Amino acid sequence: MEKKIYLDHAATTAVRPEVLDAMLPYFTELYGNPSSVYEFASQNKEAVDAARETIANALGAKPQEIYFTAGGSESDNWALKATAEAYRDKGRHIITSKIEHHAILHTCQYLEKNGFEVTYLDVDENGILKLSELEKAIRPDTILISVMYANNEIGTLQPIKEIGEIAHKHGILFHSDAVQAFGQVPIDLEAGHIDMLSASGHKLNGPKGIGFLYIRKGVKIRSFLHGGAQERNRRAGTENVPGIVGMGKAVEIAMKTMEERAQKETELRDYLIDRILAEVPFVRLNGDRKKRLPNNVNVSFQFIEGESLLIMLDMKGICASSGSACTSGSLDPSHVLLAIGLPHEIAHGSLRMTLGYENTKEQMDYTIESIKEIVAKLRSMSPLYEDYLRIQPASN
């Protein structure tokens, strides 16, 4: 078995060799500033424009609707803060869900401290937004609805089309954090009535430090970074040309391989889920069984701590996580798992495994056998499990 099995692609992905090859010249030979007027720099501007067009085509958008950023978190911050500033005279109410990424939740908390009101909607036991609750939450002063396309922890896909229709019907802007979904599942901006969409390069085998915000033409949100006239006067700063080129190449590959990858990852995902649920007692799947990302597996084991499981998996060469990489240092249980109704003691025993195009069935077999062994070992040391077993005969 290989020394390393990487099952944390929701945290980040390896840069594909073709992506790196496309980027390298822009670090050394083609290092000109795209804003300069001479011929040497114009090659870089053309490269940026080409990447922008590739990304726009992947979404069915116009190139001028794509604005490059430093990543998903910046794009989320820009969408929320700039919308709040631009539409504050119309209203100061924003709607989001309780299972958003912290780039959304913490930005909402910041806006609440600055005079805005935010409604955090509940989700059902599978992590799906309740459309009836969304309708009830809308007020005359609601200016924005922000709901993620797919959850980064449990993989649940939201009913984006229906959410967008509700927002459109009420004349409210709709933003979606698609960091986990872009490049994994088809995205239809028109059908979803999506006005703004965030994405990041390093989630789809592109480089870190690059992302974009799609802003539909006609949406009057303001600049986020001030300074130069880059990104059509909306986002100042010299463009990250190697990153933009790399993301463009990664998107091109992701679109070409999406159907094939999704089929492979779905098969491995379901194989992993089916065997774990069948062969490990006291375990539950988190998130919707079918309406989920092709590569996401999130399970909770009773009577163990997720951190101990992760450490012991790491000792076997398996890289996984207990939730979002942004909160891996926190001892608190996942806000997503609590929002879908899990008690603290079960939420603490969660494991997220997210697959990539290089993973194999043999790796899944090794991972399953490792999980079975480790869970059994951890439970053998658990007083809670011992107490449970002791009282079981009396209850039968």
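Now for a description of the structure that goes with this document.

Definitions and limits used
- Residues numbered from 1 in each chain as written.
- Predicted model: local features only at pLDDT ≥ 70, side-chain atom pairs only at ≥ 80, totals over all residues.
- Heavy atoms only, no water.
- Helix = DSSP H or I, 4+ residues; strand = E, 2+ residues; numbered from the N terminus.
- Rg over C-alpha atoms; globule rule 2.2 N^0.38 Å.
- Buried < 20%, exposed > 50% of the residue type's maximum accessible area, 1.4 Å probe, protein only.
- Contact = heavy atoms within 4.5 Å.
- Lys, Arg positive; Asp, Glu negative; His and termini not counted.
- Charge placed at Lys NZ, Arg CZ, Asp CG, Glu CD.
- Pairing = 2+ DSSP bridges.
- Axes fitted to C-alpha atoms, helices over the stretch in contact; angles between N-to-C directions.
- 1 Å grid on protein atoms, 1.4 Å probe; cavity = no way out; pocket = protein on both sides within 12 Å on 5 of 7 lines; lining within 4 Å.
- Points joined across faces, edges and corners; volume = space filled by probe spheres on them.
- Nonpolar A, V, L, I, M, F, W, Y, C, P; charged D, E, K, R; others polar.
- Phe/Tyr/Trp six-rings, centres within 6.5 Å; stacked < 30°, edge-to-face > 60°.
- Core = buried A, V, L, I, M, F, W, Y, C linked by side-chain atoms within 4.5 Å.
- Parallel < 35°, antiparallel > 145°, perpendicular 65-115°, else oblique.
- Left-handed = near helix turned anticlockwise from the far one by under 90°.
- Expected span 1.5 Å × (residues − 1).

### Re the overall build of the protein chain
Counting its secondary structure elements, the protein chain contains 14 helices and twelve strands. Compactness check: the protein chain gives a C-alpha radius of gyration of 22 Å against a globular reference of 21 Å for 396 residues, within 12% of the reference. The burial tally for the protein chain puts 56% of its 396 residues in the buried class. Within the protein chain, residue pairs in contact and separated by at least 24 positions form 73% of the contacts whose partners lie at least 6 positions apart. Taken together, the 44 basic and 53 acidic charged side chains of the protein chain have centroids lying 2 Å from each other.

### What about the environment of Ser350?
Inspection of the secondary structure puts Ser350 in strand β12 (residues 350–354). Once the C-alpha coordinates of Ser350 and Ser321 are considered, the two residues, 29 residues apart in sequence, prove to be 8.5 Å apart. What Ser350 contacts, discounting residues up to four positions off in sequence, is Asn298, Val299, Ser300, Gly306, Ser322 and Leu337.

### Focus: the sheet that holds strand β10 (residues 296–301)
The strand order β9-β10-β12 describes an open sheet built from three strands, whose pairing is antiparallel. Taken across any chain shown, the strands that pair with only one partner, and hence form the sheet edges, are β9 (283–285) and β12. Strand-to-strand, the axes of this sheet are offset by a mean angle of 25 degrees, without reference to chain direction. Here β10 runs beside β12; their pairing, made up of five bridges, is antiparallel. Bridge pairing in β12 places Ser300 opposite Ser350.

### Let's talk about empty space enclosed by the protein
Within the structure shown, the criterion is met by one cavity of 30 Å³ or more. For the lining of the largest cavity, a count of residues per class yields ten nonpolar, nine polar and four charged.

### Quick look at the packing of aromatic side chains
Considering all chains together, one arrives at five aromatic pairs under this definition. Both rings, one in Tyr31 and one in Phe40, keep their centres 5.0 Å apart while their planes meet at 70 degrees; by these two values the pair is edge-to-face. Under the relative-accessibility criterion, Tyr31 is labelled exposed at 58%. Residue Phe40 is classed as partly exposed on the basis of its relative accessible area of 28%. Aromatic pair Phe282 and Phe303: ring centres 5.6 Å apart, planes at 85 degrees, arrangement edge-to-face. In this pair, Phe282 sits in the loop between α9 (241–279) and β9 while Phe303 sits in the loop between β10 and α10 (306–315), placing the two residues 21 residues apart along the sequence.

### Topic: the sheet that holds strand β2 (residues 66–69)
Spatially, the seven strands line up as an open sheet ordered β2-β8-β7-β6-β5-β3-β4, and their pairing is mixed. The open sheet has two free edges, formed respectively by β2 and β4 (117–121), since each of these has just one partner strand. When strand polarity is set aside, the average angle formed by the axes of neighbouring strands in this sheet is 20 degrees. Pairing analysis gives four bridges linking β2 to strand β8 (residues 211–215), with the strands arranged antiparallel. Bridge pairing links Ile66 to Tyr214 in β8. Contacts from helix α4 (residues 72–87) reach β2, β5 (142–146), β6 (173–177), β7 (196–200) and β8, with the element oriented near 160 degrees to β7.

### Let's talk about the nonpolar core
Counting 50 residues, the largest nonpolar core has Leu59, Ile145, Phe182, Ile187, Leu197 and Phe212 as its most contacted members. Residue contributions to this core peak at seven residues, all from α9. In this structure, Ile187 is in contact with Leu59, Tyr149, Ala178, Ala181, Phe182 and Leu197, ignoring residues within four places of it in sequence. In this structure, Leu272, Ile304, Leu309 and Met312 belong to the second largest nonpolar core, which totals 28 residues.

### Structural notes on unusual backbone geometry
The backbone of His193 shows a phi angle near 50 degrees, a positive value even though the residue is not glycine. When you line up the elements, His193 lands in the loop between β6 and β7. For His193, a relative accessible area of 24% puts it in the partly exposed group. Positive phi outside glycine occurs at Arg232, with the angle close to 55 degrees. Residue Arg232 is classed as partly exposed on the basis of its relative accessible area of 35%.

### As for the side chain of Thr69
Residue position: Thr69 is located in strand β2. A relative accessible area of 3% means that Thr69 is categorised as buried. Those residues within four positions of Thr69 in sequence are excluded, and the remaining contacts are Glu74, Ser75, Trp78, Gly209, Ile210, Gly211, Phe212, Leu213 and Arg235.

### What to know about the packing of α10 against helix α13 (residues 361–380)
Put simply, α10 and α13 touch, their axes get as near as 10 Å, and they point 130 degrees apart. Judged by the angle between their axes, α10 and α13 are oblique. When the axes of α10 and α13 are compared, the crossing they make is right-handed. Between α10, through Ser308, Leu309, Met312 and Leu313, and α13, the contact on the second element is made entirely by Ser370, Ile371, Ile374, Val375, Lys377 and Leu378. Of the residues that constitute the contact of α10 with α13, the class distribution is seven nonpolar, two polar and one charged.

### Points about helix α3 (residues 39–59)
The terminal C-alpha atoms of α3, which comprises 21 residues, lie 31 Å apart, in line with the 30 Å expected from a rise of 1.5 Å per residue. Close packing links the buried residues of α3 with α2 (25–28), β2, β7, β8, α8 (230–233) and α9. Looking one or two places after α3, you find Gly60, whose phi comes out positive at around 70 degrees.

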